[in-house]
Amino acid sequence: MFCVMLSCCCGVQVFGPEASQKTVFEGSVRGLVQDVLQGGNCLLFTYGVTNAGKTFTFLGPDHNSGLLPRSLSVIFNSMEGRLYGRSDLKPQRCRDFSRLTPDQQAAEISSKRNLLRLLKENDKSLTAGKSASFEGSSISSDGSMNSVSETDSFCLDFPSNVRFSVWVSFCEIYNENIHDLLEQVPSGQHKRTVLRLSQDVKGNSFIKDLRWIQVNSSEEAYKVMKIGKRNQSLSATRLNQLSSRSHSIFSIRILRIDDSGVPRVHTISELSLCDLAGSERCSRTHNTGERLKEAGNINGSLLTLGKCINAMRLNQNAKFQHHVPFRESKLTHFLQFFFCGSGRVSMVVNINQNSSCFDETLNVLKFSALAQKVVVVNSRPVLDDSTCHKSAMELSLIIDEADQRRNMLNQGRRSSLVAWETSLEDVLEAEDSEEWKEEEEDFMEGTVLEAGGEEEDGDRTMEEETEKFGQEAALRLVLEAQIREEVSAEFMELFNKMEKDYR
Ligand SMILES: Nc1ncnc2c1ncn2[C@@H]1O[C@H](COP(=O)(O)OP(=O)(O)OP(=O)(O)O)[C@@H](O)[C@H]1O
């Protein structure tokens, strides 16, 4: 018996064991897909103990597709007849794009052809019985998505000259190493390239050299996902015959292009679907050797995710901002972009109702109750034609916009946004950075001066507001703070216990 629970800042929805994949999709990710089609950024991640049905919900068997195939279907159905026909605009870094030369475009097309050919070759070897890594799982050999409704779509209210270019990537975090699941490793060679997390000049993290493939239909995107899934690290454990030993991240990036005259990229939005590996207790799995090492890394990164969520939640009300340890694991470092005000975040919590995992499940539920309290303010960057040179200004405007929304949302409360760390761990993208910095400094100087006057006005309004609400509001705040303190103390205790258990 498996239950699914959706948890996000807008509330919690619980789906019982009888709920169909369609119902879960409609009650959870469909709204995110709509947001992404409108230009927003969304992250959805699965959470739960091992063997709780995360991959089932995420991908689903062929006759009963999960969240990812359904999202692809709705995205492409909604874009019917509005796909951008060329491949001269490609996403790069975090939310930038580059214009490809004709040679680069030809290289893109041929590399995609080779990748898709790989699927056919793999299928032949699968039917010959050479590999069974994906047996019993979700994907048909012809790459079709049988169970997804062909009609589900959103009506996009954009001018007729607006076109969409869709790109996908698929990677995994295995033993704290990031690997591109679309990398074609020559046969006989087992060593895969380790990719690095990098930051652009705006402080947004992205995976350097990750492959992005332009896809023109949901079937094509699904085939790409199939190829990646076959490369993912799966192994049999005592609790799950096909247990994910890594966190996998499938990202869909949509370039909204104004296709009149010289094509202009208007927005770049992203839907990231992250199937987290399940937490596992060694006393139950009896893992040893390589499996034990994997379990240690999985539990470690999930623990850091918990710490980050707890710190973000505390920061919403604290006078002094706690350090959020995003950099303690690759997973949280990668997710930082979404958690720091750049998108909507939702979590799917899977529950296996087997009584043997009762206390682990209770921990998962407590975790999700806390995660739900974190408010992430969403901002939607709009690109201009001369994107690169206006980036500093855009950044400031985005920050201003996010601040305004945050103030409206959290009147009298502390920010849920977390300041970017300034020291870069990995690679600093140096291109144009000097120019950008100068522009940014000039612009920031102006912003700081302007902001000073506004702040005084804001303070006055704030005082009036405080008087108006009076004693009743103050009492409510004290009570809320007390409750939060208690929950937070309980949670810290829980973390310490979990840490001890996993050792
Ligand atoms: N709702 C469901 N209905 C039927 N079978 C399910 C359901 N959810 C999960 N299963 C089955 O339970 C088993 C474990 O599911 P799955 O591999 O999705 O778990 P998981 O949480 O991803 O585990 P891990 O973290 O170890 O990768 C699979 O055989 C799957 O087919």
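Nothing here was measured: the structure is a model prediction, and the numbers come from that model.

**Q** What is the right way to read the overall build of the chain from this model?
**A** Each helix and strand counted, the chain has 12 helices and 16 strands in total. Burial statistics for the chain: of 503 residues in total, 52% are counted as buried. Here the contacts in the chain between residues at least 6 apart in sequence split such that 76% fall between residues at least 24 apart. Counting only carbon and sulfur atoms, one obtains 52% of the accessible surface of the chain, whose full area is about 23500 Å².

**Q** Which parts of the structure should I look at to understand helix α4 (residues 67-78)?
**A** The end-to-end C-alpha distance of α4 is 16 Å, a good match for the 16 Å that 12 residues give at a rise of 1.5 Å each. Burial within α4 is extensive, with 12 of its 12 residues counted as buried. For α4, every residue scored as buried is listed here: Leu67, Leu68, Pro69, Arg70, Ser71, Leu72, Ser73, Val74, Ile75, Phe76, Asn77 and Ser78.

**Q** What's the story with the packing of helix α2 (residues 29-37) against α4 in this structure? I'm lost.
**A** Each pair of packed helices can be summarised by the angle the axes make with each other and by the distance between the axes. Viewed as axis vectors pointing N to C, α2 and α4 meet at an angle of 40°, and their least axial separation amounts to 10 Å. When the axes of α2 and α4 are compared, the pair comes out oblique. Seen along the crossing, α2 lies across α4 with a hand that is right-handed. Listed contacts from α4 to Val29, Val33 and Leu37 of α2 are Leu67, Ser71, Val74, Ile75 and Ser78.

**Q** What is the right way to look at the pairing of strand β3 (residues 41-47) in this model?
**A** Regular strands place their side chains on alternate faces of the sheet. Most of β3 is tucked away, with 7 of its 7 residues classed as buried. Where burial is concerned, the two faces of β3 agree: the one with Asn41, Leu43, Phe45 and Tyr47 and the one with Cys42, Leu44 and Thr46 are both buried. Both β3 and strand β15 (residues 344-352) contribute to a ladder of 6 bridges, which runs parallel. Across the sheet, residue Tyr47 finds its bridge partner in β15, namely Val349.

**Q** Help me out: how do you make sense of the UniProt feature "binding site: ATP" (unreviewed entry) in the chain in this one?
**A** Sequence positions flagged by UniProt for "binding site: ATP" (unreviewed entry) are, in local numbering, Gly48, Val49, Thr50, Asn51, Ala52, Gly53, Lys54 and Thr55. Assessed through its relative accessible area of 3%, Gly48 is described here as buried. Here Gly48 is in contact with Lys54, Gly278, Ser279, Asn350 and Val364, once residues within four sequence places are set aside. Within the fold, Thr50 resides in the loop between β3 and α3 (54-58).

**Q** Quick question: what am I supposed to make of the packing of aromatic side chains here?
**A** Aromatic rings considered in pairs are described by the distance between their centres and by the relative angle of their planes. Tallied over the entire structure, the rule returns 6 aromatic pairs. Ring plane angle 15° and centroid distance 4.2 Å describe the contact between Tyr47 and Phe367, whose orientation is recorded as stacked. Separated by 320 residues along the polypeptide, Tyr47 in strand β3 and Phe367 in helix α10 (residues 358-371) bring together distant segments of the chain. Both residues of the pair, Tyr47 and Phe367, count as buried. Between Phe337 and Phe338, the ring centres sit 5.3 Å apart and the planes meet at 85°, which makes this aromatic pair edge-to-face. When its relative accessible area of 2% is taken as the criterion, Phe338 is described as buried. Following the ring pairs from residue to residue traces out a cluster consisting of Phe45, Phe326 and Phe339.

So, how was this worked out
- Residues numbered from 1 in each chain as written.
- Predicted model: local features only at pLDDT ≥ 70, side-chain atom pairs only at ≥ 80, totals over all residues.
- Heavy atoms only, no water.
- Helix = DSSP H or I, 4+ residues; strand = E, 2+ residues; numbered from the N terminus.
- Buried < 20%, exposed > 50% of the residue type's maximum accessible area, 1.4 Å probe, protein only.
- Contact = heavy atoms within 4.5 Å.
- Areas by Shrake-Rupley, 256 points an atom, 1.4 Å probe, with all protein chains shown as cover.
- Expected span 1.5 Å × (residues − 1).
- Axes fitted to C-alpha atoms, helices over the stretch in contact; angles between N-to-C directions.
- Parallel < 35°, antiparallel > 145°, perpendicular 65-115°, else oblique.
- Left-handed = near helix turned anticlockwise from the far one by under 90°.
- Pairing = 2+ DSSP bridges.
- UniProt positions renumbered as here; feature names shortened; annotations may be inferred.
- Phe/Tyr/Trp six-rings, centres within 6.5 Å; stacked < 30°, edge-to-face > 60°.

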